[in-house]
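What follows is each chain in one-letter form.
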Amino acid sequence: MKATLHGFERQYASALQQHLANPREVILHRAYKLGRRALDGGLGVLEMAVLYHKAIVKLLPTPRLPEEKTRLFKATESFFLESLAPFEMSHRAAQDA
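Criteria and thresholds
- Residues numbered from 1 in each chain as written.
- Predicted model: local features only at pLDDT ≥ 70, side-chain atom pairs only at ≥ 80, totals over all residues.
- Heavy atoms only, no water.
- Salt bridge = Lys/Arg side-chain N within 4 Å of Asp/Glu carboxyl O.
- Helix = DSSP H or I, 4+ residues; strand = E, 2+ residues; numbered from the N terminus.
- Buried < 20%, exposed > 50% of the residue type's maximum accessible area, 1.4 Å probe, protein only.

Draft legend 1. Structural context of the pattern of salt bridges. A complete count under the given rule lists 4 salt bridges for this structure. Two residues, R36 and D40, come together in a salt bridge whose shortest N-O distance is 3.1 Å. Taken as a pair, R36 and D40 lie in helix α2 (residues 25–40) at a separation of 4 residues, close to a single helical turn. For E68, the salt bridge goes to R71, with nearest N and O atoms at 3.3 Å. One end of the pair, E68, and the other, R71, are both in helix α4 (residues 66–96), 3 residues apart, so they sit about a helical turn from each other. Classification of R71 as partly exposed rests on a relative accessible area of 36%.

Below, the structure is given as C-alpha cells:
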C-alpha cells in the first residue's frame with residue numbers, strides 16, 4: 001500500500017470532493033472503505049491525517065463566506081471521522097483482547 005500512496009491520496013481527495021459537493025451516506029461509506037483499505041495496507045492514523053490535510057489544502061484553497069466555511073468544515077470532519085472508524089475499531093478490538 002505504501003508504494004501506491006499517491007494513488008490512494010487521489011482516491012481519498014476525490015471521495016472527499018464528492019462528499020463536499022453532495023454529502024450522502026454512500027460517500028461516507030466510501031470513506032469508511034478507504035479507511036479499511038488504508039488500515040489493511042499498513043497505513044497509520046498519522047498518514048491518514050496527512051492525506052486529509054493534503055486533500056483539504058487542495059480542495060479548499062480560496063477564502064469563503066463564514067457560513068460556507070462552517071458547512072464545508074463540518075462535511076470534511078464527518079468524512080475524516082468516518083475514514084478513521086476502522087482504525088478506532090481495530091484499536092478497541094486490540095484493547096479488548
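Right, picking up where we left off after that structure.
Draft legend 2. Quick look at the environment of V50. Of note, V50 is situated in helix α3 (residues 45–59). Classification of V50 as partly exposed rests on a relative accessible area of 45%. For the pair V50 and E9, spaced 41 residues apart in sequence, the C-alpha separation works out to 9.4 Å.

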